[in-house]
Amino acid sequence: MADFKQLNVADELIVKGNLKVTGDQIVTSTTNTTIKDNTITLNKGASSLPSAGSGIEIESNSSIVGTLVYKTSGWDFGGANLVNVGNISANFVGLGDTPANYSGGAGKYLKVNSGANGIEFDTLTTDDVAQGASLYYTDTRVDTRLTAIGVTAATISNWNSAHSWGDHSGAGYLTSIAVDSIDNTMIDFGTTGNKVNTDNLPQGSTNLYYNQTTTYADADTRIAASSIKALNDINSGATPTDGQVLVWNQAGGYYTPGAPASAVVNLRDSGTTSGTISNVGTSYVGTKKLATISSFSLDTTNNTKVQLNFAIEVVQETPGNATVGIFRAINGNAMTYGSPIAEYSSPSANNHFAFTLYDSVTANSAEYQVVVKFDTGSTNTYQFSNMSFTAIEHIELTGLLKDVQTSSLANGQYIKYNGTNWVNETPAISNNSDVQISGANANHVLVYNSGNSRFENQDPNTLAQQISFYSLNGVTQPSASDDQKLLKYDHSSTSFVWTAGLDVITEVVDDTTPQLGGNLDMNGNSIITTGGADINLTPDTGGRVVIATDLIVQGSATTLEVNNVEVEDPIMLLNKHAVQPNNNTTDAGLIVQRGSSENNAAWIWEEGTDRWIAATTTSTASDTNITVTANADIQAGIVYATATTAQYADLAEIYEADDNYEPGTVVVFGGDKEVTTTTILADHRVAGVISTNPAYLMNKDANGVAVALRGKVPCKVEGAVKKGDVLVSNVRPGTATALAPESANPPAWCIVGKSLENSTDTGIKVINIVV
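Quantities reported herein were computed from a predicted structural model and do not represent experimental measurements. Sequence order sets the numbering: in each chain, residues are counted from 1 along the sequence as written. Predicted model: local features are reported for residues with pLDDT of at least 70 only, side-chain atom pairs are reported and counted for 80 or more only, and whole-chain, interface and lining totals are derived from all residues. Side-chain metrics rest on all non-hydrogen atoms present in the structure, leaving aside hydrogens and water.

Student: How would you summarise the overall build of the chain if you had to cite specific residues and measurements?
Tutor: Where helices and strands are cited, they refer to DSSP runs of H or I of at least four residues and of E of at least two residues respectively, numbered from the N terminus. For the chain, the count of helices and strands is three helices and 51 strands. Within the chain, the proportion of its 771 residues that are buried is 30%. Whether two residues touch is decided by their heavy atoms; if any such pair falls within 4.5 Å, the residues are in contact. Within the chain, contacts between residues at least 6 apart in sequence are counted, and of these 60% link residues at least 24 apart. For the chain, the exposed area adds up to about 46000 Å²; of that, 48% sits on carbon and sulfur atoms. With a 1.4 Å probe rolled over the protein chains alone, any residue whose accessible area is under 20% of its type maximum counts as buried; one over 50% counts as exposed, and the rest are partly exposed. Shrake-Rupley sampling with a 1.4 Å probe provides the accessible areas, and residues are treated as covered by the protein chains on show and by no other component.

Student: Tell me what's going on with unusual backbone geometry, and back it up with residues and numbers.
Tutor: Cis geometry is found at the peptide bond from Thr318 to Pro319, where omega equals 0°. Inspection of the secondary structure assignment puts Pro319 in the loop between strand 19 (303–318) and strand 20 (322–330). Its identity as a non-glycine residue notwithstanding, Asn321 has a phi of 60°, on the positive side. Position of Asn321 relative to the elements: it lies in the loop between strand 19 and strand 20. Non-glycine residue Ala682 carries a positive phi angle of around 55°. Look at Ala682 and you get buried, because its relative accessible area is 0%.

Student: Describe the nonpolar core, naming the residues involved and giving the relevant values.
Tutor: The nonpolar core is taken to be a set of buried Ala, Val, Leu, Ile, Met, Phe, Trp, Tyr and Cys residues, with the residues joined through side-chain atoms within 4.5 Å. With 33 residues, the main nonpolar core has Leu290, Phe310, Ile312, Tyr368 and Tyr382 as its most contacted residues. Going through the elements one at a time, strand 18 (289–297), strand 19, strand 20, strand 21 (342–345), strand 22 (351–360), strand 23 (365–374) and strand 24 (381–396) are the ones with two or more residues in this core. Discounting residues that sit within four places of it in the chain, Phe310 has contacts with Leu290, Phe353, Ala354, Phe355, Val370, Met387, Ser388, Phe389 and Leu681. Listed in part, the 16 residues of the second largest apolar core include Val666, Val689, Cys715 and Val771.

Student: Talk me through the packing of aromatic side chains; I want residue IDs and the actual numbers.
Tutor: Stacked, tilted and edge-to-face pairs are distinguished by plane angle, under 30 degrees for stacked and over 60 for edge-to-face with tilted covering the rest, among Phe, Tyr and Trp rings (Trp via its six-membered ring) whose centres lie within 6.5 Å. Applying the stated criterion to the full structure yields 15 aromatic pairs. For the ring pair Phe77 and Trp603, a centre distance of 6.2 Å and an interplane angle of 50° mean the geometry is tilted. A residue pair is termed long-range when its members are at least 10 positions apart, and Phe77 in the loop between strand 8 (74–76) and strand 9 (82–83) and Trp603 in strand 39 (residues 600–606) qualify at 526 residues. Using a relative accessible area of 24% as the deciding quantity, one classes Phe77 as partly exposed. Here Tyr382 and Phe384 contribute two aromatic rings whose centre-to-centre distance is 6.5 Å and whose plane-to-plane angle is 40°, an arrangement assigned as tilted. Exposure remark for Phe384: the relative accessible area of 4% places this residue in the buried category. Taken together, the aromatic side chains of Phe310, Tyr344, Phe353, Phe355 and Phe389 make up a single cluster linked through ring pairs.

Student: I'd like a rundown of the sheet that holds strand 37 (residues 571–574), residues and numbers included.
Tutor: Read across the sheet, four strands follow the order 8-7-6-37 without closing on themselves; strand pairing throughout is mixed. Across the chains shown, the open sheet's two edge strands, defined by having one partner strand only, are strand 8 and strand 37. Ignoring which end each strand starts from, the neighbouring axes of this sheet average 10° apart. Strand pairing is assigned whenever DSSP detects at least two bridges linking the two strands. Relative to strand 8, strand 7 (residues 63–71) runs antiparallel, the two being bridged by three bridges. In the strand pairing of strand 8, Lys71 is matched with Gly74. As a rule, the C-alpha atoms of each element are fitted with a line to give its axis, helices using only the stretch in contact, and angles between N-to-C directions run from 0 to 180 degrees.

Student: Just give me the short version of the pairing of strand 48 (residues 726–729), but keep the residues and values in it.
Tutor: Alignment of strand 48 against strand 50 (residues 751–755), held across three bridges, turns out to be antiparallel. Bridging across to strand 50, Leu727 finds its partner in Gly753.

Student: A description of the side chain of Glu718 should follow, citing residues and the corresponding values.
Tutor: Counting through the fold element by element, Glu718 comes out in strand 47 (residues 705–718). Whenever a nitrogen or oxygen atom comes within 3.5 Å of another N or O atom, the pair is scored as a polar contact, on the condition that within protein one atom can donate a hydrogen and the other can accept it, and that pairs from neighbouring residues in sequence are kept only if both atoms are in side chains. Within the structure, the side chain of Glu718 is placed 2.5 Å from the side chain of Asn730, a separation counted as a polar contact. Each residue touching Glu718, except ones within four places of it in the same chain, is listed here: Glu313, His352, Asn730, Arg732, Thr735, Ala736, Thr737, Thr762, Gly763, Ile764 and Lys765.

Student: So, the sheet that holds strand 18: which residues are in play, and what are the values?
Tutor: A sheet is described by the order of its strands in space; here four strands give the open sequence 18-23-20-21, paired in antiparallel fashion. The open sheet terminates on both sides in strands that have one partner only, identified here as strand 18 and strand 21. On average, adjacent strands in this sheet sit at an angle of 15° to one another, irrespective of strand direction.

Student: An account of the pattern of salt bridges is requested, with residue identities and associated values reported.
Tutor: We define a salt bridge as a side-chain nitrogen of Lys or Arg found within 4 Å of a carboxyl oxygen belonging to Asp or Glu. As enumerated under the stated definition, the model contains eight salt bridges in all. Arg594 is the salt-bridge partner of Glu598, the closest N and O atoms lying 3.2 Å from each other. Here Lys716 makes a salt bridge to Glu662, at a shortest N to O gap of 2.4 Å. On the criterion of sequence distance, the pair formed by Lys716 in strand 47 and Glu662 in the loop between strand 42 (650–655) and strand 43 (666–669) is long-range, its members being 54 residues apart. According to the relative accessible area criterion, Glu662 is partly exposed, its value standing at 45%. Several salt bridges converge on common partners, so that one network encompasses Glu313, Glu718 and Arg732.

Student: Outline the environment of Thr494, listing residues and values.
Tutor: For Thr494, the position within the fold is in the loop between strand 30 (486–490) and strand 31 (495–499). The exposure class of Thr494 is exposed, given its relative accessible area of 54%.

Here is the structure:
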């Protein structure tokens, strides 16, 4: 009998045993293909991976629009974007193939390991370094040099006291000394203790000695020529920014760039919070004080500034046009009310008012008062509440270093001694013989080139292609016997190990009713069922269903209810149409059923946005457009992407808090934990704002609150505010406030952020700010 030519099934074709197709291809003309198996093997049985790789292609309008293909260099997404809101994570063992060589340290250097297709750390010796102008020491080379200057074993016989060569003997002479017997020992010319040391030698031109008894010039010259980073207790790896100074790091045991050159040494609070002043006149008098900070001591050894912070709620201002003046008395003198050191126009009733003032003063002590007056009228009333008046003494450290001069500071400069003072200048950088600096682009890394005997800058994407997939932590390296095996997670070893592939479908159980007794020859005709009956191919044990030509399924769905499906083809084409439309409008990909109580998982090409999406969904294989319920997490190794995006706007970090603060709350460093709230205007301890929805959250597994460090974030603000106003901490806990326009600018470490909105509301509201 002849072989099957075609098997046409009008209804479902159910194969209860194994199905083996030995033709060149399987063409499925269904709308959706549902596969119950949890694993699909591509390129099954092939002796090697095709040069084009093996994976999945998505076709649209007769063109391939998306691919997910494994090549020898790793997974290739065909240049498409990888879109995901969840985490993508992987652990790396290292860059080479031997874990023992991943650890750096003193005397180690990066070495290219061409056999492992990566780089590793190795011990640096002169055997690994190309010879430059400083030549290696060899016996032959030294002998040649000595011969060139006329010194050989034959020329050395005796040395006499007249410092000439001759045939002499006796005490005080060197007799019969061969050149190759001279070592590092001191030579005694007959007098005990007459050894050679620096006290007996004149100073050379390059190897200068340090003479403590006469001058410090040698040491001073060396120090002047060195960068401050050459000191062993300076953190040379830290890059300073404008305004930073060197501060001591006890844990590291070194100085490092840190806080600005200012120290808070004194804090005073008036203690007054509310009150009513009646019969206020049109001039400043001592009886109309709003608040007083009693006389306190100042540091007179350094340049001192006093930061005055004032905030008040104006309850009543009758008839209006009040002015607030700041007065100062120093060294215990009585306060006078002639000219204030500063004055501000008070707002009308039911308004919040705040300012910050810096007072440069040289005195042993100072007292400050805030006094109110009116422009017109004789019987005026000024009622207030929630007032705060504080004075903070700062010491400017700039003048402490008497031999330091700075001018026209710029990023990247360092301090160098010019013979008189320490001055700032920009270092000159040029190519080193073993480091290529020129031609570097953004994000380049240094990679050692053994051919050129130097480190050269290289695109990290090019370098990443040399990293083996088996360098990933938790993935065992395969051997030749592991060909065609799969990675399978082993819980006992907490790693992926190479196991045997999926079982090959070889057995089909025969259905002996009816029994043909031989081959079935269709004689060119099709097998067709009528009345909706199934065609069941159920071979006995040892039998198989073999289709030696192409298998075409023209129904609406193909359902495989088997444990494993093995596909020998390297590429699986989805969304294939007999007549391809000009523009495809349907989504395509894979859907995994996860049970009735959970949404399905999907990896799809979304046609509307032209991108891959990993998501959970309620859609099934019968849907042509997949509804994304939520984006799913993806775990992978190295991800090569052109750009990434985030839905939210700020960068935040978890800090321990002494209370459960809600989003928008202003917090400072302090309290029983790491952060808390404050009642001090322009508090220098300000940490940030509790984030509402951070775009990037650091230290995410810690306990505490997410504090926004950078970006746009909602914030609680009290008082009227304009777009661009500088915001500082408020006397109302957890809120920020804008300073008066005429107020002095606070230091950077006191600023919460800048307003992005306008609001005339004088109460507490939530607005968007930039931290």
